[in-house]
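# Fold and geometry: a report
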Amino acid sequence: MFGQVHCPEALSGEELDRYLELGWFRMGQTIFTTNFLNFKGEMYSAIWLRAVLSQLDMTDLRRKMSRNNKMFRTEIRPASISLENEILFSKYRNSIPFEASPSLEHLLFGRYQYNIFQTMQVDVYDGDLLIGCGFFDLGKQSAEGISSFYDPAYKKYSIGKFLIMQKLNYCVAEGYQYFYPGYFVPGYPAFDYKLDIGKESLEFLDLSTDEWCPIQAFDPEKTALAVMQQKLRAFEQHALAQGIEVSFFNYEYFYVNQLPELRGAELFDYPIFVIINEKSDDDLISLVGYDVRDQRYHYMQCRSVWTSDQAPASERFYAAQLLKLNIPLFQADNAVEVAGFILSEPS
């Protein structure tokens, strides 16, 4: 699966380290992974990041903190949400152009009343006024940056970056090996600030190899979604030339395995696919997807487990049914073989 969620009742530092290494991250009191995102009707790849702290230029970071924010006071302590924190979060939330959690408590805990993570808090003050706040979780050898927010009136001071620097400074001083800031999204600049952490230390998780690689080796033309699109468009073109009627779609429900209420259902979650029209009906859908992890086309039959009564937001999205794999039919590393197999099937 390309996305999953786990809901552990407890989580040791060693377990959190392992999750982070595999490209998982905190969401409330669950831990999840994803590789694809839908923002405003456009599909993107999620690229997980980490900083190797031994390679971080702390002298440069401390110089930047001192130059830009030397007038501010910082406190780092175990997390404890106060009314002051909630008021600041609400002020920040009302200033941003995208939807955020309704409250800080909801962001960190969701519907739960406990915390399975060892969470630390950074508060930044101008005199006695709280102007910035950030949270991060500690594992055994790794830490993950959860959230940073600030008073919009102090935006020119780059308080968000200052909070990240404070988290990094703490983790280096305490001897941690890695800091995981979450993902960035090529083509969607809202997350690009994470790339400023320190490129000499930054790595990304390559889905096709399951390995962490230097950020300098990142190629936006080779993201999982870009490769899938290129491969499936090639198949679509070849199939049409062979007289196979097909339809190319983004999948509206690619995220379903990340929902706690559907965990364990193992539903179909390819973000894009090509439907073989003549071999599909309302209950059984025959389609072709491309998986960058094994670099192969997969011809599959999926069945509907739920039917929507709403029209999709865009005709480019398949939203008629929620799908589950029924039968794997064929796989190959090139489009010609897949099209040949489909043509050879009985009508």
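Residues numbered from 1 in each chain as written. Predicted model: local features only at pLDDT ≥ 70, side-chain atom pairs only at ≥ 80, totals over all residues. Heavy atoms only, no water.

What follows deals with the overall build of the protein chain. Within the protein chain, the regular secondary structure consists of seven helices and 19 strands. Dimensions of the protein chain, computed from C-alpha atoms along their principal axes, come out at roughly 75 × 40 × 35 Å. Taking as baseline every contact in the protein chain between residues at least 6 positions apart, the subset at least 24 positions apart corresponds to 66%. Counting only carbon and sulfur atoms, one obtains 48% of the accessible surface of the protein chain, whose full area is about 16900 Å². A distance of 7 Å separates the average location of the 31 positive side-chain charges in the protein chain from that of its 46 negative side-chain charges. (Helix = DSSP H or I, 4+ residues; strand = E, 2+ residues; numbered from the N terminus. Contact = heavy atoms within 4.5 Å. Areas by Shrake-Rupley, 256 points an atom, 1.4 Å probe, with all protein chains shown as cover. Lys, Arg positive; Asp, Glu negative; His and termini not counted. Charge placed at Lys NZ, Arg CZ, Asp CG, Glu CD.)

Pairing between sheet strands relies on hydrogen bonds along the backbone, with the strands arranged either parallel or antiparallel. Within the open sheet, the six strands sit side by side as β18-β14-β15-β16-β17-β19. Their pairing is mixed. Every interior strand has two partners, whereas the edge strands, β18 (317-318) and β19 (321-332), have only one. Inspection of the sheet shows strand β16 (residues 284-291) paired to strand β17 (residues 296-307) by eight bridges, in the antiparallel sense. Residue pairing in the sheet places Val 288 in a bridge with Tyr 299 of β17. Across the sheet, helix α7 (residues 335-344) lies against β15 (272-276), β16, β17 and β19, angled at about 105° from β19, the strand it touches most. (Pairing = 2+ DSSP bridges. Axes fitted to C-alpha atoms, helices over the stretch in contact; angles between N-to-C directions.)

As a further point, take the sheet that holds strand β6 (residues 47-52). The strand order across the open sheet formed by eight strands is β7-β8-β9-β10-β11-β6-β12-β13, and the pairing between neighbours is mixed. Since the sheet does not close on itself, it has two edges, and those belong to β7 (73-78) and β13 (211-214), each with one partner. Taking each pair of neighbouring strands and ignoring which way they run, the sheet shows an average axis angle of 30°. Packed onto the sheet, helix α1 (residues 13-21) meets β6, β9 (129-138), β10 (142-150), β11 (178-184), β12 (202-206) and β13 and runs at close to 75° relative to β10.

Bringing the layout of surface pockets into the picture now. Empty space within the second largest pocket amounts to approximately 400 Å³. For the second largest pocket, the lining is made up of 22 residues, of which Asp 206, Ser 208, Lys 222, Thr 223 and Ala 224 are closest to its centre. Split into classes, the residues belonging to the lining of the second largest pocket amount to 13 nonpolar, five polar and four charged. (1 Å grid on protein atoms, 1.4 Å probe; cavity = no way out; pocket = protein on both sides within 12 Å on 5 of 7 lines; lining within 4 Å. Points joined across faces, edges and corners; volume = space filled by probe spheres on them. Nonpolar A, V, L, I, M, F, W, Y, C, P; charged D, E, K, R; others polar.)

Under the definition given, this model contains one cavity of 30 Å³ or more. The computed volume of the largest cavity comes to approximately 30 Å³. In this structure, the largest cavity is lined by Phe 2, Gly 3, Thr 34, Asn 35, Phe 36, Phe 254, Gln 258 and Asp 269.

With that settled, the discussion passes to the pattern of salt bridges. Opposite charge on two side chains makes pairing possible when the charged atoms of those side chains draw close. Taken as a whole, this structure holds 11 salt bridges when the rule is applied. The partner of Asp 137 in a salt bridge is Arg 26, with the nearest N and O atoms 2.8 Å apart. Of the two residues, Asp 137 is situated in strand β9 and Arg 26 in strand β2 (residues 25-27); the sequence distance between them amounts to 111 residues. Under the relative-accessibility criterion, Asp 137 is labelled buried at 0%. Residue Arg 26 is classed as buried on the basis of its relative accessible area, which comes to 6%. (Salt bridge = Lys/Arg side-chain N within 4 Å of Asp/Glu carboxyl O. Buried < 20%, exposed > 50% of the residue type's maximum accessible area, 1.4 Å probe, protein only.)

With that out of the way, let us pick up unusual backbone geometry. Even without glycine at this site, Ser 158 takes up a positive phi of about 50°. Phi is positive for Gln 295, which is not a glycine, with a value near 55°. Residue position: Gln 295 is located in the loop between β16 and β17.

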